[in-house]
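# Structural overview for review
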Amino acid sequence: IKRYEKEHKNNYQVPKKYPLDPELGAWVTMIRRIGPDQITPQSRRTKLNAVNFAWKSTRSCGSSFMSHFRQVKDKTELSEEDKKWVNSIRVVYEKGNLSDARVKYMDQLKIDWRTPVE
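Residues numbered from 1 in each chain as written. Predicted model: local features only at pLDDT ≥ 70, side-chain atom pairs only at ≥ 80, totals over all residues. Heavy atoms only, no water.

## Quick look at the overall build of the chain
Across its full length, the chain carries six helices and zero strands. Listed N to C, the secondary structure of the chain is α-α-α-α-α-α in terms of helices and strands. For a compact globule of 118 residues, the expected C-alpha radius of gyration is about 13 Å, and the chain comes in at 19 Å, more than 25% above that figure. Oriented by its inertia axes, the alpha-carbon framework of the chain measures out at about 55 × 30 × 25 Å. Going through the 118 residues of the chain one by one, you find that 33% of them count as buried. Considering only intrachain contacts with a sequence separation of at least 6, the fraction spanning at least 24 residues in the chain is 43%. About 8400 Å² of surface is accessible on the chain, with carbon and sulfur atoms providing 49% of the total. The chain carries 24 positive and 15 negative side-chain charges, and their two centres are separated by 10 Å. (Helix = DSSP H or I, 4+ residues; strand = E, 2+ residues; numbered from the N terminus. Rg over C-alpha atoms; globule rule 2.2 N^0.38 Å. Buried < 20%, exposed > 50% of the residue type's maximum accessible area, 1.4 Å probe, protein only. Contact = heavy atoms within 4.5 Å. Areas by Shrake-Rupley, 256 points an atom, 1.4 Å probe, with all protein chains shown as cover. Lys, Arg positive; Asp, Glu negative; His and termini not counted. Charge placed at Lys NZ, Arg CZ, Asp CG, Glu CD.)

Next comes the structure, spelled out in C-alpha cells:
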C-alpha cells in the first residue's frame, strides 16, 4: 500500500478493482468497510493512521450501472442509447437478476422503467 501511495499520491484511493494488484484494491475496500474502530490488531490501525490512510474513499462508484444511472436519473425524455440501457435493465429485472439495491435506484428514475421504453 505504501508503494501505491508513493506512486499515485492520492491519499490511498486505491480502486476496488485495481488491475495491477487486484488483491490490494480488495484489501483496501475491506479495510474501509470494517472501519477503524473494528480493525484488529490495534497495531494495524495505528500503522494505517500513521501513514494518513483515508478511511473513507473519495472515489465515486465507477460501475457501468451507476454511470448510466447518473446519466438518466433526472431525464423525462431519453436518447436512443438511454432507452437501450433502461430496456436492458428491465430485462435483467424481469429475469429476476436485478439486485434489490439496483431496483431502488431504478425506482428513482422519472420514467416508468418497468415497461418497455420506446
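## Some words on the packing of aromatic side chains
A complete count under the given rule lists eight aromatic pairs for this structure. A centroid spacing of 5.8 Å and a plane angle of 50 degrees characterise the contact between Y12 and F53, whose relative ring orientation is tilted. Of this pair, Y12 sits in the loop between helix 1 (2-8) and helix 2 (22-34) while F53 sits in the loop between helix 3 (42-50) and helix 4 (64-72); the two residues are 41 residues apart in sequence, bridging distant segments of the chain. On the basis of relative accessible area, Y12 is assigned to the buried category, the value being 5%. Geometrically, the ring pair formed by F69 and Y105 is edge-to-face, given 5.2 Å between the ring centres and 65 degrees between the ring planes. Taken together, the positions of F69 in helix 4 and Y105 in helix 6 (residues 100-106) put the pair 36 residues apart, joining distant regions of the chain. You can call Y105 partly exposed: its relative accessible area is 31%. A connected cluster of aromatic rings, assembled from ring pairs, spans F65, F69, W85 and Y105. (Phe/Tyr/Trp six-rings, centres within 6.5 Å; stacked < 30°, edge-to-face > 60°.)

## Let's talk about the nonpolar core
F65, W85, V86, I89, M106, L109 and W113 are the most contacted members of the largest nonpolar core, which totals 15 residues. If one sorts the elements of this core by residue count, helix 4 sits on top with four residues. For L109, the contacting residues outside a window of four places in its chain are F69, V72 and K73. Y18, V28, I31 and I39 belong to the second-largest nonpolar core, a separate cluster that totals eleven residues. (Core = buried A, V, L, I, M, F, W, Y, C linked by side-chain atoms within 4.5 Å.)

## Considerations on the side chain of K83
Examined against the element boundaries, K83 turns out to sit in helix 5 (residues 80-94). Apart from the residues lying within four places of it in its own chain, the contact partners of K83 are L78, V117 and E118.

## With respect to the pattern of salt bridges
One pass over the full model with this rule turns up four salt bridges. Across the salt bridge formed by K75 and D82, the nearest N and O atoms sit 2.7 Å from each other. Since its relative accessible area comes to 3%, D82 is described here as buried. (Salt bridge = Lys/Arg side-chain N within 4 Å of Asp/Glu carboxyl O.)

## Let's talk about helix 4
Among all positions in helix 4, only F65, M66, F69 and V72 are buried. For helix 4, the arc enclosing every buried residue in end-on projection is 135 degrees, short of the 170-degree limit, so these residues lie on one face. Buried residues in helix 4 make contact with helix 5 and helix 6. (Arc of directions from axis to C-beta.)

Remember, this is a structural readout, not a statement about activity or role.
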